[in-house]
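Tertiary structure, described
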Amino acid sequence: MQSQPGMSLLTMEHLRPSLDDDSEDLCLSATDSAFSHDPEEDLDFTSAIPFEVLVQILCSVDSLSTLSNATRLNQRWKLAASDNSVWRHMFRRKFGCEKKVSQKLKDSGFFGGSRDVFDPEAFKPQLELARTSELQLASNLGSSSDLGSGGELLPSVKALKSRISRSDPQVYFWDPSLNENTMDVDPLSSSENNGEGQVAEQDYSKRIDPQQSPLPVNQRLQQLEGISSWKTVFHQRLILYRNWREGNYTVRSFTGHTDAVYCIQFQGDLLASGSRDRSLKFWDMNAIHCHRTLSGHAGSILCMQHDNENYIVTGSSDATAILWDYKTGGILRRFTGHALPVLDIRFDSTRIVTCSKDCTLKVWSLQTGELLHSMEGHQAAVNAVHMNGDLVVSASGDCTIKMWNLVTGALVRTFIGHTRGLACVQFDGKVILSGSNDFTIKIWDAMTGALQRTLEGHTNLVRTLCFDDERIVSGSYDNSMKVWDRKTGECLHTLTHVHNSWVFHVQMDASRIVSSAQDKRIAIWEFGKGCHLVKAFS
């Protein structure tokens, strides 16, 4: 079909994906437009396409620049490009499955429901405004623009009337200033955080006065719902993404142990740490307050894991492992099968796996303490283990990684590639990451054993690793931490100037890294600046 002069078209050129488009038009919404008549609409063949079909077309778009271009075509395309379902699909394409985020937002009250994540008081003005807007829309129902060809109300108008009659407003507005994090934290000054590329906060609280809009109420409803939920969520998540990419972070550090901190684990604002001082401490990360200390080992606590509900397991240089009651802090059971220090420990709902300097792995029953398997095959200390389902991988000073079947105790596969001993390993069921004294990180296909990539950059032993779908974080005996792009292997940032000695452990979630080191210090690196929905992404 040939276009007439001046006709606005959405071409395939617009469909080139790009996550880092830096156009200010990314934040355009239906409210940014005065709804004046555009002569070009008269020449646009897409005006015959139902609005719902336009939305479905844009739901298949994976480029922010395409949506930006769509908003420039005419008012109708701009409304479609601001539709809620379009931005939910965009979120899914760029940042993965949105179900967990959606549930957290529902729990918070952002999408309706209980409000456990955020302060409900912060939502009152928005809920009141949303309710007022719906009532104003209801008062206008029945105008000629809201009627079908037979004089009946359009289906979307009927749905709106029904929704209002149930007193169940679902259109929530959210003003980020109401949840502003006012913690006074000075940014870390480093070569990777020089103040450039700061992410500007966007105003997502723009509103429409329904009385001023000449559009039919079904399109006005699209405006309201397009502004509220998933477009806001997407742009909030984009702020977080850019913070990580550009090194926009703040850092706090503190001491509380009297010796080196070997292991840490955090979930939400609760942090646990194990130390050479033989103690296990639990901290409130916001207040930096230690609210519980457990003691029971005769040596250093080298490794630890807890499920935040029932159990804590620890391994020590005293060659034992301890199972603790999470709620009471009491010792439930002590495991004494290893001949040398227990270097790492993992557990699931039925089993505990320990590894030791005695070159073995052992599998224990969580419920009874019975030794189920003792796996032998490594020729040097087994420094790290990581479980996933019925498989466990082990990293050893003998330069190899081994995969074992937890049900049978049998060796499944050996991974060979490092030239010096391994210190750490991570396994998510599909890929294995390993860190070594050859100063490299290697990424392996867990099912085939193939080496996918080698990351180079550290200048000493890579002691600790963690990763998610977007990035890898490593800690080293070169006193630094590095943040790597998971897909490309690019080193994005080197984090220094906080720890002045060996980094023993790193962990991360969507917005933070927590690290511990030989210098007794624990550091919290915050990448959530300007992202007011950060808890929903963690």
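For the structure given in this document, a descriptive report is provided here. Model, not experiment: these values are computed from the prediction. (Residues numbered from 1 in each chain as written. Predicted model: local features only at pLDDT ≥ 70, side-chain atom pairs only at ≥ 80, totals over all residues. Heavy atoms only, no water.)

**Structural notes on the side chain of H493**
Convention followed: Note on conventions: DSSP H or I runs of at least 4 residues are helices, E runs of at least 2 residues are strands, and numbering of each starts at the N terminus. Summary of the burial criterion: residues with accessible area below 20% of their type's maximum are buried, those above 50% are exposed, and those between are partly exposed, where the area comes from a 1.4 Å probe applied to protein chains only. Under the rule applied, a polar contact is a pair of N or O atoms within 3.5 Å (in protein, one hydrogen donor and one hydrogen acceptor; residues adjacent in sequence only if both atoms are side-chain atoms).
With respect to the secondary-structure elements, H493 resides in strand β25 (residues 491-495). By relative accessible area, which is 4% here, H493 ends up buried. Polar contacts involving the side chain of H493 include one to the main-chain carbonyl oxygen of W244, which spans 2.5 Å. A polar atom in the side chain of H493 sits 3.1 Å from the backbone nitrogen of G247.

**Comments concerning the nonpolar core**
To keep things clear, this is the line we draw: Among the buried residues, those of types Ala, Val, Leu, Ile, Met, Phe, Trp, Tyr and Cys that are joined through side-chain atoms within 4.5 Å form a nonpolar core. We call two residues contacting when some pair of their heavy atoms lies within 4.5 Å.
Core analysis: the biggest nonpolar cluster contains 52 residues, and L58, V233, I513, W525 and F537 have the highest contact counts within it. Considering every element that reaches this core, the biggest residue donor is helix α9 (residues 230-246), with eight residues. Apart from residues lying up to four places away in sequence, I513 is in contact with W244, V473, M481, V483, L495, Q507, M508, A523, I524, W525 and F527. Counting residues in hydrophobic clusters, the runner-up holds 13 residues, among them A384, L391, F415 and L422.

**Quick word on the pairing of strand β15 (residues 391-396)**
Heads up, the condition is: Strand pairing requires that DSSP identify at least two bridges connecting the strands.
Buried residues dominate β15, accounting for six of its six residues. Across the two faces of β15 the burial is the same, with L391, V393 and A395 and V392, S394 and S396 all buried. Relative to β15, strand β14 (residues 382-388) is paired through six bridges, and the arrangement is antiparallel. Following the sheet pairing, V382 is matched in β15 by S396. Linking β14 back to β15 in an antiparallel pair, the connection comprises two residues, with G389 at a positive phi of about 60°. Summarising the sheet, β15 and strand β16 (residues 400-405) pair through five bridges and their orientation is antiparallel. Each residue of the ladder has a partner; that of V393, found in β16, is M403. Between β15 and β16, which pair antiparallel in sequence order, lie three residues; one of them, C399, sits at a positive phi of approximately 80°.

**As for the pattern of salt bridges**
Selection rule: Definition used for salt bridges: Asp or Glu carboxyl oxygen within 4 Å of a side-chain nitrogen of Lys or Arg.
Applying the stated criterion to the full structure yields 13 salt bridges. The salt bridge partner of R92 is E98, with a shortest N-O separation of 2.6 Å. With relative accessibility at 3%, the residue E98 sits in the buried group. Among the ionic pairs, R245 bridges to D485, the shortest N-O distance being 2.7 Å. Here the residue R245 occupies a position in helix α9, and D485 occupies one in strand β24 (residues 481-485), the gap between them amounting to 240 residues.

**So, the sheet that holds strand β19 (residues 431-436)**
How we decide: Structural elements are reduced to axes, namely lines fitted to C-alpha atoms, with helices fitted over the stretch in contact, and the angle between N-to-C directions of any two is expressed from 0 to 180 degrees.
A sheet is described by the order of its strands in space; here four strands give the open sequence β18-β19-β20-β21, paired in antiparallel fashion. Across the chains shown, the open sheet's two edge strands, defined by having one partner strand only, are β18 (422-427) and β21 (451-456). Direction aside, neighbouring strands of the sheet carry axes that sit 15° apart on average. With five bridges joining them, strand β20 (residues 440-445) and β21 adopt antiparallel strand pairing. Counterpart to T440 in the pairing with β21 is E456.

**A word on the sheet that holds strand β23 (residues 471-476)**
Within the open sheet, the four strands sit side by side as β22-β23-β24-β25. Their pairing is antiparallel. Two strands close off the open sheet at either side, each with one partner strand: β22 (462-467) and β25. For this sheet the average axis-to-axis angle between neighbouring strands, irrespective of direction, equals 20°. Sheet topology places β22 next to β23; five bridges connect them, and they run antiparallel. Across the sheet, L465 pairs through a bridge with S474, a residue of β23.

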